[in-house]
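What the coordinates show
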Amino acid sequence: MPRTPFVAGNWKMNLTKASAIDLAKGIAKAAPADVQVGVAPPFVHIDAVGQAVAGSNVHLGAQDCYFQKNGAFTGEISVEMLKDLGVKFCLTGHSERRHVIKEPSDLVAEKADAVYSGGLTLIHCVGEKLEQRDANETLDVVRSQVNELTSKIDDPHRLVIAYEPVWAIGTGRTASDAQAQEVHAFIRETLAFIWNKDFADRVRIQYGGSMNPANARGLINQPDVDGGLIGGAALKVDTFLAVCNAARGTI
Ligand code: PEP
C-alpha cells in the first residue's frame, strides 16, 4: 500500500515572527512536491507563516488546540480558530504536553476527537519514556495511547500517528532503524485491530526523536515508517529540507 511520506516540522516555543517568516519562506521555496511537507509554528506566528507559505505545497499546522468550540476557556485556541487561519493539521499528545505540561490522557483524547471531528488532519503522538522501555512496557504504553483515538475516525488519510520515544526527543539519541520499525509495525497492527487492515495500511506513521539529515533516510526507508515529525532539525531551512528530501523515493 503506497503511502505518501509526510514530514512535519514542530517549531515548539521558538522563533520571532520575522525569523518564523524567513524559515517558512525558505522551506516553501524548495519543498519537494512528492513528499507531504508541513510546518507547525507557535500559535502567535500561524497567521504570518500561513501567508508566507500561501500558494506553496507546504501545509500549515498547529502544535495544540483546545477541544471546546468556543467560550470561557482563557488562553485556549479552538479548532475553528485554527481552520480560520488556514491550518490543515494539528498535533495531539506530544510528549512535552503529556509530561512537561502534564496533560492527562483523557484530555489528549478529547483534543484528538476535536481535531478530527473538526475536519483537520490529526497527528496523534505516542511514545514511551526511557524507564518504560527499560521495563519492557513500550508496546503497552503505545497501545494505550493509540487507544485514545475515537473509533469515529473514518478517513485514514486524516489520521497520522507520530511514534516519538520520549528518550529520543531533543536528546540527540535516536531509535535505531530496527527499534523504530518494530514499534511502527505494532502501531499498524493496533490500528488494524481497532479498525481493519485496509484502514491501517493507509495511515501514515511518522517517526520523531532527533531525526536529522544523517539518520532520516535509514529510518524512513523502514517499511512502516512514513515520514517524520521533526523538532530541532526543523528550525533551519537546510536541515529540514534535507530530511524532506531524504523521504523522497522511500515509498
Ligand atoms: C519533537 O519534538 O516532536 C521532536 C521530534 O523533537 P526533536 O527532533 O528535536 O527530537
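Coordinates for the structure precede this section.
Residues numbered from 1 in each chain as written. Predicted model: local features only at pLDDT ≥ 70, side-chain atom pairs only at ≥ 80, totals over all residues. Heavy atoms only, no water.

1. Remarks on the nonpolar core
Of all hydrophobic cores here, the largest spans 65 residues; its most connected members are Ile27, Leu159, Ile187 and Leu191. The contact partners of Leu191, leaving out residues within four places of it in the chain, are Val146, Leu159, Ile161, Asn196, Ala200, Val203 and Ile205. Core analysis: the next-biggest nonpolar cluster, separate from the first, contains ten residues, Phe6, Ala40, Ile123 and Cys125 among them. (Core = buried A, V, L, I, M, F, W, Y, C linked by side-chain atoms within 4.5 Å. Buried < 20%, exposed > 50% of the residue type's maximum accessible area, 1.4 Å probe, protein only. Contact = heavy atoms within 4.5 Å.)

2. Focus: the site of the ligand
Every one of the 15 residues lining the ligand counts as a neighbour, but Lys12, His94, Glu164, Gly170 and Ser210 are closest to it. One of the side-chain N or O atoms of His94 is found 2.8 Å from an oxygen atom in the ligand. At a separation of 2.8 Å, an oxygen atom of the ligand approaches a polar backbone atom of Gly232. In the complex, 95% of the free accessible area of the ligand, which totals 290 Å², lies under the protein chains. In terms of residue class, the shell around the ligand is built from four nonpolar, eight polar and three charged. (Near = heavy atom within 4 Å. Polar contact = N/O pair within 3.5 Å; in protein donor to acceptor, adjacent residues only side chain to side chain. Areas by Shrake-Rupley, 256 points an atom, 1.4 Å probe, with all protein chains shown as cover. Nonpolar A, V, L, I, M, F, W, Y, C, P; charged D, E, K, R; others polar.)

3. Examining the pattern of salt bridges
Tallied over the full model, the rule gives 16 salt bridges. Salt-bridge contacts for Arg188 lead to Asp224; the nearest nitrogen and oxygen are separated by 2.5 Å. You can see Arg188 sitting in helix H8 (residues 177-194) and its partner Asp224 sitting in the loop between helix H10 (216-220) and strand E8 (227-230), a full 36 residues away along the chain. Overall, Asp224 belongs to the buried group, its relative accessible area being 13%. Each of Arg3, Arg188, Asp224 and Asp226 takes part in a single network of salt bridges with overlapping partners. (Salt bridge = Lys/Arg side-chain N within 4 Å of Asp/Glu carboxyl O. Helix = DSSP H or I, 4+ residues; strand = E, 2+ residues; numbered from the N terminus.)

4. Side note on the pairing of E8
Residue alternation in E8 divides its side chains into two sets, Gly227 and Leu229 and Gly228 and Ile230, and both sets are buried. Examined bridge by bridge, strand E1 (residues 6-10) and E8 share four bridges and lie parallel to one another. Note that in E8 the partner of Phe6 across the bridge is Gly227. Here strand E7 (residues 204-208) runs beside E8; their pairing, made up of two bridges, is parallel. Within E8, the position partnered with Gly208 by the bridge is Leu229. (Pairing = 2+ DSSP bridges.)

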